[in-house]
Amino acid sequence: MKANSKALFPLIFLGLCISLLGCGESKKDDSKQAPVASADSLTDYITALRAKETAYSKRQTNGYGELLNNISFEVRTDDKKEFANGLIPWASIENPESEISKLVDANKIVIPEKKVTIVIDYPLAKEFRFDAESKIGFTRAQLLRDISRAYYKIYEEEERTATTKTIPAEKRTTTYNRNHTNGTYGIWGHDIADLVLAEVLVYKESGGKIILSLNIES
């Protein structure tokens, strides 16, 4: 995963929070306001989050075998101001069906093999692997749907098995990021709504097994 603007947002938010903490008295109703995190706790949180993002970006995938292909995911958009070429370089994991009609080459077979193993390791402390099958090979549309379904199962199991539950977005006082929960996968940093699929890397093990590693951005 490359460093991206969304991942850097907490650093900007840190500066804003620290400046607000130093402001003078203002009118407020303490009974209605959530407690404000201290500058030190906010700094510690962001430092830990950055460390996790860096570790993910440096993860080793050479153990997966020979790299065969990089499959990009681009979605057409009318927003030429932010995307000059009219293409968003990722697709939504939260709501893939809203993207598939605009997904470039959605129904083109990009992996001819009938069975693949997909590795999901972001934003997870413990990776998840699952096998996907197709009688005709895999298109971008099927890959996006399969990956999205897997993420929903991961997040559902995490919430079911965690004793440290997810703090609702409206109650987060450290940053807008998801807190680190302690369920089966140890999800940290991001809700499923934050995640987008930018690329699938296709590897082939020595025995012929096809492994897919995901470039997930947030």
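Quick caveat: nothing in here was measured; it's all calculated off a predicted structure. (Residues numbered from 1 in each chain as written. Predicted model: local features only at pLDDT ≥ 70, side-chain atom pairs only at ≥ 80, totals over all residues. Heavy atoms only, no water.)

We now examine the overall build of the chain. If you tally the helices and strands in the chain, you get four helices and ten strands. Secondary structure elements in the chain, listed N-terminal to C-terminal, are α-α-β-β-β-β-α-β-β-β-β-α-β-β. Buried positions account for 42% of the 218 residues belonging to the chain. Counted over contacts in the chain with a minimum sequence separation of 6, partners at least 24 positions apart contribute 65%. Of the roughly 12300 Å² of accessible surface on the chain, a fraction of 52% belongs to carbon and sulfur atoms. (Helix = DSSP H or I, 4+ residues; strand = E, 2+ residues; numbered from the N terminus. Buried < 20%, exposed > 50% of the residue type's maximum accessible area, 1.4 Å probe, protein only. Contact = heavy atoms within 4.5 Å. Areas by Shrake-Rupley, 256 points an atom, 1.4 Å probe, with all protein chains shown as cover.)

It is worth spelling out the side chain of T139 at this point. By the secondary structure assignment, T139 is in strand β8 (residues 138-139). Look at T139 and you get buried, because its relative accessible area is 10%. At a separation of 3.1 Å, a polar atom in the side chain of T139 contacts the main-chain amide nitrogen of Q142. In contact with T139, other than residues within four places in its own chain, are A106, N107, K108, I109 and V110. (Polar contact = N/O pair within 3.5 Å; in protein donor to acceptor, adjacent residues only side chain to side chain.)

All right, on to the pairing of strand β9 (residues 196-204) then. Along β9, seven of the nine residues are buried, which leaves the element largely enclosed by surrounding structure. Where strand β1 (residues 66-72) lies against β9, six bridges are found, and the strand directions are antiparallel. Counterpart to N70 in the pairing with β9 is L201. Where strand β4 (residues 91-92) and β9 come together, two bridges link them in antiparallel fashion. Within β9, the position partnered with S92 by the bridge is V196. (Pairing = 2+ DSSP bridges.)

Before going further, it helps to examine the pattern of salt bridges. This model, assessed by the stated rule, comprises five salt bridges. A salt bridge links K115 to D131; its shortest N-O distance comes to 4.0 Å. Highlighted residues: K115 in strand β6 (residues 115-120) and D131 in strand β7 (residues 128-133), separated in sequence by 16 residues. Using a relative accessible area of 44% as the deciding quantity, one classes D131 as partly exposed. Linking R129 and E127 is a salt bridge whose minimum nitrogen-to-oxygen distance equals 2.7 Å. (Salt bridge = Lys/Arg side-chain N within 4 Å of Asp/Glu carboxyl O.)

Summary statistics for the chain give a mean pLDDT of 84 and a share of 79% for residues scoring 70 or more. Confidence drops under pLDDT 50 across residues 1-37; counting only partners more than four residues distant or on other chains, this segment forms 41 contacts. (pLDDT = per-residue confidence, 0-100.)

Counted according to the given criterion, the structure contains five aromatic pairs. An angle of 75° between the planes, with centres 5.5 Å apart, marks the rings of Y64 and Y203 as edge-to-face. Within this pair, whereas Y64 is found in the loop between α2 (39-57) and β1, its partner Y203 is found in strand β9, the two being separated by 139 residues in sequence. We classify Y64 as buried; its relative accessible area is 8%. Residue classification places Y203 among the buried positions, given a relative accessible area of 6%. Three or more aromatic residues joined by ring pairs make a cluster, and in this case those are F128, F130 and Y185. (Phe/Tyr/Trp six-rings, centres within 6.5 Å; stacked < 30°, edge-to-face > 60°.)

Here D121 lies in the loop between β6 and β7. Excluding residues within four positions of it along the chain, D121 makes contact with Y56, R59, Y64 and E127.

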